[in-house]
Each structure stands twice: as structure tokens, then as C-alpha cells.
Amino acid sequence: MRKLISYILTILLFTSIACANGSKETKASNKGELSDMKISIQITSDSGSHTLAATLADNSSAMAFYELLEKGPVTIKMTDYGSFEKVGSLGTSLPRNDKQITTAAGDIILYQGNQITIYYDTNSWNFTRLGKVDGVTQAELKKILGKGDVTAVFEILR
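Residues numbered from 1 in each chain as written. Predicted model: local features only at pLDDT ≥ 70, side-chain atom pairs only at ≥ 80, totals over all residues. Heavy atoms only, no water.

K.L.:
It is not clear to me how the pattern of salt bridges should be interpreted in this structure. Could you clarify?
P.N.:
Pairs can form between side chains of opposite charge once their charged atoms are near each other. Under the counting rule described, the total for this entry stands at five salt bridges. The residue K86 makes a salt bridge to D80 at a minimum N-O spacing of 3.3 Å. For D80, a relative accessible area of 29% translates into the label partly exposed. For R96, the salt bridge is made with D98, and the minimal N-O distance between the two is 2.6 Å. For R96, a relative accessible area of 49% puts it in the partly exposed group. If you follow the salt bridges from partner to partner, you end up with D107, R129 and K132 in one network. (Salt bridge = Lys/Arg side-chain N within 4 Å of Asp/Glu carboxyl O. Buried < 20%, exposed > 50% of the residue type's maximum accessible area, 1.4 Å probe, protein only.)

K.L.:
Quick question: what am I supposed to make of helix 3 (residues 138-145) here?
P.N.:
Think of an α-helix as 3.6 residues a turn; residues three or four steps apart then line up on the same face. Among the residues of helix 3, those classed as buried are L141, I144 and L145. For helix 3, the angular spread of the buried residues around the axis is 90°, confining them to a single face. Looking at helix 3, the residues exposed on the side facing more than 90 degrees away from the buried face are A139 and K143. On its buried face, helix 3 is in contact with strand 1 (38-45), strand 2 (48-56), strand 4 (85-89), strand 7 (115-119) and strand 9 (150-156). Two residues or fewer after helix 3 comes G146, characterised by a positive phi angle close to 70°. (Helix = DSSP H or I, 4+ residues; strand = E, 2+ residues; numbered from the N terminus. Arc of directions from axis to C-beta. Contact = heavy atoms within 4.5 Å.)

K.L.:
Please explain the pairing of strand 9 as it appears in this structure.
P.N.:
Look at any regular strand and the pattern is simple: side chains alternate between the two faces of the sheet. Buried residues dominate strand 9, accounting for five of its seven residues. Direction of pairing for strand 1 relative to strand 9: antiparallel, over a ladder of six bridges. Residue pairing for strand 9: Q42 is matched across the bridge by V153. Sheet analysis places strand 3 (residues 74-81) next to strand 9, joined by five bridges and oriented antiparallel. Residue pairing across strands places M78 opposite V150, the latter belonging to strand 9. (Pairing = 2+ DSSP bridges.)

So, in C-alpha cells, the structure goes:
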């Protein structure tokens, strides 16, 4: 009889643990995985005004950026650097997850914790990937970003 009661209690314990883990997963699913979090970027450049969509990366830096955008749109004045990126000050610092990476056109990178870059060509360095612009080629992105300074308005895609 004691074995039966112990067996039943063990099953109840494992069932309650499984249910608790299931509710955590449900909360995460309701909030959305980082890779499902989308933002829009309104670019104003010498080539006109363009709206891009981007998917955020799965790291604490991207999550912090998303939480910043939940407070409202963030406008960044960006300048050209090295003929491969547009860069501008975020005005605040985000957690860094720097890794040695080679960027590609469309990568959105956090540099030194407080600068946002949009790459239209490649570069290798220790960076934190925040996300990736969706559905544009390198040539299209170069044209959108233009030759001079740009204004980029980042906000949550609704």
C-alpha cells in the first residue's frame, strides 16, 4: 500500500512539474519568440522615403531593443561609414552580446552597446547582431540608404 501511495505521489509531482513548465512555454509563445518579433524602419535619404521590415535576433540585446521600442519609436540620424554601413547613436546603452561575425547586407548591428548600424555590405568585427532587414537585396538596400546621411525611425511592426 505504501508503494502504491508513493507511486501515485511521484506521478502527481511529475505531472505538476510538467504543467508548470507548460505554462511557462505558453507565456513565451503568447509573447512571441524573439525571431518572431518584427520591427519597421522608416528610412529617409537622398533617394526618398522607404519603409523596411526587419526580424530581430534571438539575444538579450535584441530583446532590450524591442523593449525600448515598446515605449515608442526611436529616431536615429545615421551617417555613412567606410562605404559599407550607416551608423548612428542610439542615445542609450543596450546589453552587448559581441561575437566575431562577418556582416551581410541588411544586418542590423549594435556597436559598442550604444550605436546602431545598418549594413549594406560586409565587414568583420566583434559585433552584436540585433536583427536583419527582410526581403531586400544588397543593391536595393544601397539605393534606399543613398549616398549621404539618413534618418531612420525604428518602431515595432504592428
